[in-house]
Amino acid sequence: MNNMLAVNAEGPEIRVAVVEDGALAEFFVERKRDRGLVGNIYRAKVSRVLPGMQAAFVDLGPKVERAAFLYVADVLGSGDERKLFEDAETDDGDESPEGAASRIARSRKQLAARKIEDLLRPGDYVLCQVVKDPIGAKGARVTGYLSLPGRYSVFMPHVAQVGVSRRIGSDKERRRLRDLVNEVRPKGSGFIVRTAAEDASDQELRDDVDFLARLWSEIDRRQDDMNGAGLVYADLDLALRVVRDLLREDTSEVMIDDPEQHERVKKFTMAFLPRFAERIKKYEGRRPIFDHYHIEPALRLAVSRRVPLRSGGSLVIDQGEALTAIDVNTGSFTNTGSGNLEDTVTANNLEACDEVARQLRLRNIGGIIVVDFVDMDKEGNRRKVWDAFQKALARDRARTNVTKISELGLVEMTRKRTRESLVQLLTEPCPTCEGSGVVKSVTTVAYEILREVRRSGTLVDNDKIEIEAAPRVAEVLQKQERDYLDHLEKRFQKSITVVGQKGWKPDQFRVAGKMSTEIAAQAASESPRANGGAAQQPPREGGGERGGGGGGGGGKRRRRGGRGRNRDRATA
């Protein structure tokens, strides 16, 4: 297996690529001027308490702009509630380990039943940890149930529970790890034994537990010495964090292109993970490290809408605000080994399972996800595809919940969102289309201009109407629509000139001194919705335009069979 970590640390950002079986599986980036907040611990000041939302906003200090969000179940209460966690469901501690204690706390209904106004007041100070970075306009989410991740365990000072990752299958190994941690853990605290602890020596696990307990004592001392809100403890930077969390037995090497970062990671590994120290290597190649390992082309594909499959099919990924739709297409895939359409479709869907799971991890897509596989008639084939998809998702550290595949080939699922997706991280909305992905066609804009000339022609005081537009739109008006402009000149007894403006957006224009944005704003303010009234049916002129002539089927549901890629279900 060709599994490795490639660390590109030259320049103002650190990029880490996780390569599994020769393909890019996960990608992380941290800008040195804009480090993430997840894992950091703050002494925060309560700024607002919102009983209606059962939450509070807290100020994390002068270096964090937006207030953070603290839900009632994440508020640390009195010490006697520790008993609530003794039978709590075990967390893996692998996916976003800094949020392990928070996930356990939020699962307890007794905590959610408390009232925020009884626990916090504006001006109070609380010790909290960031479990979700700010995303878009939303501030960070924080919790009072702290988690300190180590290589083999996660320390939870306020959760009296010892759990073992469910990914460790051996009952004997699970008992060994649980008994060992119970022997050495500080009284009243809790630990989650991570998957990486499987087959680790007793001394390695003891050292990990002891280090985290000492770290917590230092954090507790620091926050007692602080005045006001601010940072108490910053989590490891990306280069060290990926070694702590992602370096596994099947990882053959960690290649680092920066000498300084290589030295730091080497020392860290020798101190905490000595058996992996030989796998930390300095990249000596002349080409950039991501070019050498063919990671850059994979990254460019990771932010594109269409993803090709090896056999000729493809995925089309559309990310929305809260829902992502993934459409599986057969494309040119013909499955020459079988003359059966059902077998061809099933083979295409099975190949898509691995790629969909990989893209979810690589793009870090969270929230609600709908995967639209190509239709399969046989229940056995649908079950086969669903089983393959579950197996492909098993490598994902993020928590997923997947429904059974429907008769229409749809799989609905959720995936835990803890940080910005790759698209949010690496891209920004297009300034031309403002993120919609489309712009008005040249012909549409040209005809909008003609309508505005006809609308405002009689209102222009001088004897000239000047049109300014993007060059391609101006060309359409001057060449294809010159006859209609001549007609308008005769109608209004005014000359009409068209000027192309380089650098203008396709839908940007000016008619008689009035910009397109002003025209759109005026039309919006005069609309029936804006005025709170019902739409008035305008009188029809002979030969005039009829708006919405074919709209009688607006309420009709679209039938799935109408798409070209799906098979015809008509019977002879």
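Structural data are supplied above this passage.
Quick notes on the rules
Note on numbering: residues in each chain are counted from 1, in written sequence order. The model is predicted, so local features are restricted to residues of pLDDT at least 70 and side-chain atom pairs to those at 80 or more, both for listing and for counting; the totals for chains, interfaces and linings are taken over all residues. Excluded from the side-chain calculations are hydrogens and water; all other atoms, namely the structure's heavy atoms, are used. Secondary structure follows DSSP: runs of H or I at least 4 residues long count as helices, runs of E at least 2 residues long count as strands, and numbering of each begins at the N terminus. Relative accessibility under 20% of the residue-type maximum defines a buried residue, over 50% an exposed one, and the middle range a partly exposed one, all with a 1.4 Å probe and only protein chains included. What makes two residues a contact is simply this: any of their non-hydrogen atoms within 4.5 Å. Per-residue accessibility takes into account occlusion by the displayed protein chains alone, with areas from the Shrake-Rupley method and a 1.4 Å probe. Criterion for a salt bridge: a side-chain nitrogen of Lys or Arg within 4 Å of a carboxyl oxygen of Asp or Glu. Note: two strands are recorded as paired if DSSP finds a minimum of 2 bridges between them. Structural elements are reduced to axes, namely lines fitted to C-alpha atoms, with helices fitted over the stretch in contact, and the angle between N-to-C directions of any two is expressed from 0 to 180 degrees. Only protein atoms enter the 1 Å grid used here, on which a cavity is any set of points holding a 1.4 Å probe that cannot leave and a pocket is any open set flanked by protein within 12 Å on both sides along at least five of seven lines; residues with an atom within 4 Å of a point are listed as lining. Grid points are joined across faces, edges and corners, and a volume is the space filled by probe spheres set on the points. When residues are grouped by polarity, Ala, Val, Leu, Ile, Met, Phe, Trp, Tyr, Cys and Pro land in nonpolar, Asp, Glu, Lys and Arg in charged, and all others, Gly among them, in polar. To count as a disulfide, a pair of cysteine sulfur atoms needs to be within 2.5 Å. Any helix carries an expected span of 1.5 Å times its number of residues minus one. By construction, the arc corresponds to the directions joining the helix axis to the C-beta atoms. Between 30 and 60 degrees the pair is tilted, below 30 it is stacked and above 60 it is edge-to-face, where a pair is any two Phe, Tyr or Trp rings, Trp via its six-membered ring, whose centres lie within 6.5 Å. By definition, being over a ring means that NZ of Lys or CZ of Arg is both within 6 Å of the ring centre and within 35 degrees of the ring normal.

**Points about the overall build of the protein**
Reasoning step 1: Tallying secondary structure elements over the protein gives 17 helices and 25 strands in all.
Reasoning step 2: Looking at the protein residue by residue over its 572 residues, the buried ones come to 46%.
Reasoning step 3: Contacts in the protein between residues at least 24 apart in sequence constitute 69% of all its contacts with a sequence separation of at least 6.
Reasoning step 4: Here the protein has roughly 30,600 Å² of accessible surface; of this, 48% comes from carbon and sulfur atoms.

**Section: the pattern of salt bridges**
Reasoning step 1: In the structure shown here, the tally under the stated rule is 37 salt bridges.
Reasoning step 2: In this structure, D202 and R176 form a salt bridge, with 2.5 Å as the shortest nitrogen-oxygen distance. Of this pair, D202 sits in helix α5 (residues 202-225) while R176 sits in helix α4 (residues 171-184), and the two are 26 residues apart along the sequence.
Reasoning step 3: Take R176: its relative accessible area is 26%, and that puts it in the partly exposed class.
Reasoning step 4: A salt bridge links K281 to E253; its shortest N-O distance comes to 3.3 Å. With K281 in strand β15 (residues 280-282) and E253 in strand β14 (residues 253-256), this residue pair connects regions lying 28 residues apart in the sequence.
Reasoning step 5: Judged by its relative accessible area of 34%, K281 falls in the partly exposed class.
Reasoning step 6: Connected through salt bridges with shared partners, the residues E20, D21, E26, R248, D250, R361, R395 and R397 form a single ionic network.

**Some thoughts on the sheet that holds β14**
Reasoning step 1: The strand order across the open sheet built from five strands is β3-β2-β1-β14-β15, with neighbouring strands paired in mixed fashion. Two strands in the sheet have a free side with no partner beyond their single neighbour: β3 (23-31) and β15. In this sheet, adjacent strand axes meet at a mean angle of 20° when their direction is disregarded.
Reasoning step 2: Sheet analysis places strand β1 (residues 4-8) next to strand β2 (residues 13-20), joined by five bridges and oriented antiparallel. Bridge assignment links V7 to a residue of β2, and that residue is V16.
Reasoning step 3: Strands β2 and β3 of the sheet are contacted by helix α10 (residues 341-363), whose axis makes an angle of about 10° with β3.

**Quick word on the layout of surface pockets**
Reasoning step 1: Volume-wise, the second largest pocket comes out at about 840 Å³.
Reasoning step 2: Those elements that place two or more of their residues in the lining of the second largest pocket are β2, β3, α9 (295-302), β16 (306-308), α10 and α11 (379-393).
Reasoning step 3: When residues of the lining of the second largest pocket are assigned to their parent elements, the largest contribution, six residues, is made by α10.
Reasoning step 4: Looking at side-chain class alone, the lining of the second largest pocket contains 15 nonpolar, two polar and 10 charged residues.

**Some details on the state of the cysteines**
Reasoning step 1: All chains considered together, the criterion is met by zero disulfides.
Reasoning step 2: C430 forms no disulfide, and the closest cysteine sulfur to it belongs to C433, at a distance of 3.8 Å.

**What about the pairing of strand β5 (residues 55-59)?**
The side chains of a regular strand alternate, residue by residue, between the two faces of the sheet.
Reasoning step 1: By the bridge criterion, five bridges tie strand β4 (residues 41-50) to β5 in an arrangement that is antiparallel. Within β5, the residue paired with L50 across the bridge is A55.
Reasoning step 2: Counting the residues in the hairpin turn of β4 and β5 gives four residues, including Q54, whose phi is positive at 50°.

**What to know about α4**
Reasoning step 1: With 14 residues, α4 should reach 20 Å at 1.5 Å per residue; the first-to-last C-alpha distance of 21 Å fits that figure.
Reasoning step 2: All of the buried residues in α4 are E173, R174, L177, L180 and V181. Down the axis of α4, the buried side of the element spans an arc of 135°, and every buried residue falls inside it. Looking at α4, the residues exposed on the side facing more than 90 degrees away from the buried face are D171, K172, R175 and E183.
Reasoning step 3: Where α4 is buried, its residues touch β11 (162-164), β12 (190-193) and α5.

**Structural notes on the sheet that holds strand β22 (residues 464-469)**
Reasoning step 1: In spatial order, the strands read β23-β22-β24-β25; together these four strands make up an open sheet with mixed pairing. One side of each edge strand has no neighbouring strand; the edge strands of this open sheet are β23 (495-500) and β25 (514-515).
Reasoning step 2: Note that β22 and β23 share six bridges and pair parallel. Following the sheet pairing, I465 is matched in β23 by I496.
Reasoning step 3: Docked against the sheet, helix α14 (residues 471-480) engages β22 and β23, running at close to 145° with respect to β23.

**Looking at empty space enclosed by the protein**
Reasoning step 1: Inspection of every chain in the model, using the stated rule, returns two cavities of 30 Å³ or more.
Reasoning step 2: Of the pockets and cavities examined, the largest cavity occupies roughly 40 Å³.
Reasoning step 3: What lines the largest cavity is N3, M4, L5, V18, V19, E20, L246, R248 and T251.
Reasoning step 4: Those elements that provide at least two residues to the lining of the largest cavity are β1 and β2.
Reasoning step 5: The residue makeup of the lining of the largest cavity, split by class, is five nonpolar, two polar and two charged.

**Describing the side chain of Q261**
Reasoning step 1: Positionally, Q261 belongs in helix α7 (residues 259-272).
Reasoning step 2: Classification of Q261 as buried rests on a relative accessible area of 10%.
Reasoning step 3: Discounting chain neighbours no more than four positions away, the residues touching Q261 are A9, I14, A239 and I256.

**Thoughts on the packing of aromatic side chains**
Pairs of aromatic rings are described using the distance from one ring centre to the other and the angle between the two planes.
Reasoning step 1: Applying the stated rule across the entire model yields seven aromatic pairs.
Reasoning step 2: Measuring from ring centre to ring centre gives 5.0 Å for F268 and F272, while their planes differ by 45°; the resulting arrangement is tilted. On the criterion of helical spacing, the pair formed by F268 and F272 is a turn pair, its members being four residues apart in helix α7.
Reasoning step 3: Given a relative accessible area of 13%, F268 falls into the buried group.
Reasoning step 4: Between Y283 and Y293, the aromatic rings sit 6.3 Å apart at their centres with planes inclined by 55°, giving tilted as the arrangement. Of this pair, Y283 sits in the loop between β15 and α8 (289-292) while Y293 sits in the loop between α8 and α9, and the two are 10 residues apart along the sequence.
Reasoning step 5: The buried category is assigned to Y283, whose relative accessible area is 7%.
Reasoning step 6: Members of the aromatic cluster, joined through ring pairs, are F211, F268 and F272.
Reasoning step 7: A cation over a ring is seen here: R43 above Y125, with NZ or CZ 4.1 Å from the ring centre.

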